[in-house]
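# Residue-level structure breakdown
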Amino acid sequence: MTAESTKARPVGGPAGGPDVPGAGLVSPAALLAEGATSDAALRQLLHGLPGVDQVGAAQRAAALATRSIKKDAKLWALDTAVSMVDLTTLEGADTPGKVRGLCAKGRLPDPADRAVPPVAAICIYPDLVAVAREALAGSTVKVASVATAFPSGRASLAVKLADVADAVAAGADEVDMVIDRGAFLAGRYGQVAEEIRAVRDACGPAHLKVILETGELATLDNVARASWLAMLSGADFIKTSTGKVAPAATPPVTLVMLGAVADFAAATGRRVGVKVAGGVRTAKDAVRYLVLVKETAGPEWLTPALFRIGASSLLNDLLMQRRKQLTGVYPSPDYFSLD
């Protein structure tokens, strides 16, 4: 069992060849060039990907979770994880005041230690984007907004595009869209691809994160296929989940997605990011994901430009673990504001 065998590999692309299952079928580069959206063409590619060994992927992820990090690297890992956080609030009771408080924390996570980097983004609903845009003015923190009838995705394309347009017009730097899982599971790949491309166009300069909602995809083969479909359709990031469906982010799922982005980069020359969301609550969890990133996609993905962690409660644990590394004393949560 090797790391390579847990990853989806390009079909007929640069890594393809006579020993690669499915080699000689439609290549990813050709599909991109042709803008193919037919179910038949996409099915030929997606179902030609090598199958994922679910047991092997779980074993590989578990083995990587046992990797230890040297003490002198732990502070770097904690700071890197902080810089990758999409600090998130997606509740019906969200208020402008709560969002302003979240933005203040994202800009300056630990007021007692200004060496702590700011988070990557604040992730909120579209109607609060303008509030966040104002609160984050002058900072490096991005404004991310969920859209396209989040979290279900059950709306017409016109409604989804209006949702995106509202978020972008209000100042969103990034848009997190959800795919139509029903269409994907029914094999209507062309419909899913067309919706992603339409949202990509509606985003304009904003980055597009495509949420696969892997907890509803049933198999790792489907995770690999959905990853490739999203990337072929223009995603800047592929994201595990909305955080509203269990299971959300898991190491085996993330392993498959990281393998897919690495193979996609090899096949097309374009790097796509990965975002894990839902259930990442402790610094130990976050560091384990960083190990997974390095060992699966490669060190090039160890940057907020290519890896994100969507979370609400994670940041405080990262800050407490960081303080412990510097002082030797684990501080009380009371020293940090609630996210």
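Treat the numbers as computed from the prediction; the structure is a model and nothing was measured.

Procedures and definitions
Residues numbered from 1 in each chain as written. Predicted model: local features only at pLDDT ≥ 70, side-chain atom pairs only at ≥ 80, totals over all residues. Heavy atoms only, no water. Helix = DSSP H or I, 4+ residues; strand = E, 2+ residues; numbered from the N terminus. Buried < 20%, exposed > 50% of the residue type's maximum accessible area, 1.4 Å probe, protein only. Contact = heavy atoms within 4.5 Å. Areas by Shrake-Rupley, 256 points an atom, 1.4 Å probe, with all protein chains shown as cover. Expected span 1.5 Å × (residues − 1). Arc of directions from axis to C-beta. Pairing = 2+ DSSP bridges. Axes fitted to C-alpha atoms, helices over the stretch in contact; angles between N-to-C directions. Salt bridge = Lys/Arg side-chain N within 4 Å of Asp/Glu carboxyl O. Left-handed = near helix turned anticlockwise from the far one by under 90°. Nonpolar A, V, L, I, M, F, W, Y, C, P; charged D, E, K, R; others polar. Core = buried A, V, L, I, M, F, W, Y, C linked by side-chain atoms within 4.5 Å. Phe/Tyr/Trp six-rings, centres within 6.5 Å; stacked < 30°, edge-to-face > 60°. Lys NZ or Arg CZ within 6 Å of the ring centre and 35° of its normal. Parallel < 35°, antiparallel > 145°, perpendicular 65-115°, else oblique. pLDDT = per-residue confidence, 0-100.

Before going further, it helps to examine the overall build of the protein chain. Regarding its fold elements, the protein chain presents 13 helices and eight strands. Here the protein chain, with 339 residues, has 54% of them falling under the buried criterion. A separation threshold of at least 6 residues defines the contact pool for the protein chain, and within that pool the share at least 24 residues apart is 73%. Per element, the accessible surface of the protein chain, about 13400 Å² overall, is 54% carbon and sulfur.

The next thing to look at is helix H12 (residues 283–296). Look at H12: 20 Å from first C-alpha to last across 14 residues, which is about the 20 Å you get at 1.5 Å a residue. Of all the positions in H12, only Ala 283, Ala 286, Val 287, Tyr 289, Leu 290, Val 291, Leu 292, Val 293 and Thr 296 are classed as buried. Where the residues of H12 are buried, they touch helix H3 (54–65), helix H4 (71–83), helix H11 (251–268), strand E7 (273–277), strand E8 (307–311) and helix H13 (314–327). Gly 298 lies just past H12 and shows a positive phi near 120°.

Turning our eyes to something else, we now look at helix H7 (residues 157–170). Here H7 contains 14 residues, and its C-alpha end-to-end distance of 20 Å stays within 8% of the 20 Å for a straight helix at 1.5 Å per residue. Residues of H7 that are buried: Lys 160, Val 164 and Ala 167. All buried residues of H7 project into a common sector of 65° when viewed along the axis, lining one side. Pointing more than 90 degrees away from the buried face of H7 are the exposed residues Ala 158, Asp 166 and Ala 169. Residue Gly 171 follows H7 closely and has a positive phi angle near 115°.

Strand order in the closed barrel made by the eight strands is E1-E2-E3-E4-E5-E6-E7-E8, with parallel pairing throughout. Pairwise comparison of adjacent strand axes, ignoring direction, gives a mean angle of 25° for this sheet. Direction of pairing for strand E6 (residues 237–239) relative to E7: parallel, over a ladder of three bridges. Residue pairing in the sheet places Lys 239 in a bridge with Lys 275 of E7.

Turning our eyes to something else, we now look at the side chain of Thr 254. Along the chain, Thr 254 falls in helix H11. For Thr 254, a relative accessible area of 0% gives the class buried. Leave out the neighbours within four places in its chain, and Thr 254 touches Thr 240, Val 276, Tyr 289 and Leu 292.

Right, let's talk about the pattern of salt bridges for a bit. Tallied over the entire structure, the rule returns 20 salt bridges. Between Asp 110 and Arg 323 there is a salt bridge, and its shortest N-O distance comes to 3.0 Å. Here Arg 323 lies in helix H13 and Asp 110 lies in the loop between helix H5 (96–107) and strand E2 (121–124), a separation of 213 residues in the sequence. Residue class for Asp 110 comes out buried when judged on its relative accessible area of 5%.

A few words on the packing of H3 against H12. Running from N to C, H3 and H12 cross one another at 115°; their axes reach a closest spacing of 9 Å. Crossing of H3 over H12 shows right-handed handedness. Where H3 abuts H12, its residues Arg 60, Ala 61, Leu 64 and Ala 65 lie against Arg 288, Val 291, Leu 292, Glu 295 and Thr 296. Broken down by class, the residue content of the contact of H3 with H12 amounts to five nonpolar, one polar and three charged.

Among the nonpolar cores identified, the biggest contains 93 residues, and Ile 122, Val 210, Phe 307 and Leu 318 are the most heavily contacted of them. Formed by eight residues, the second largest nonpolar core is a distinct cluster that contains Cys 123, Ala 144, Val 146 and Phe 150.

Counted according to the given criterion, the structure contains three aromatic pairs. The ring of Trp 301 is capped by Arg 271, whose NZ or CZ atom sits 5.5 Å from the centre of that ring.

Bringing the packing of helix H2 (residues 39–46) against helix H10 (residues 220–232) into the picture now. Axis separation between H2 and H10 bottoms out at 10 Å; the angle between their running directions is 125°. Comparing the axis directions of H2 and H10 gives the class oblique. Read as a crossing pair, H2 and H10 show a hand that is right-handed. Contacts between H2 and H10 involve Leu 42, Leu 45 and Leu 46 from the first element and Arg 225, Trp 228, Leu 229 and Leu 232 from the second. Looking at side-chain class alone, the contact of H2 with H10 contains six nonpolar, no polar and one charged residues.

Here we take up the confidence of the model for the protein chain. A low pLDDT means the predicted coordinates there should not be read in detail. Across the protein chain, pLDDT averages 88, with 87% of residues at or above 70. In the model, residues 1–26 has pLDDT below 50 throughout and makes 60 contacts with residues more than four positions away in sequence or in other chains.

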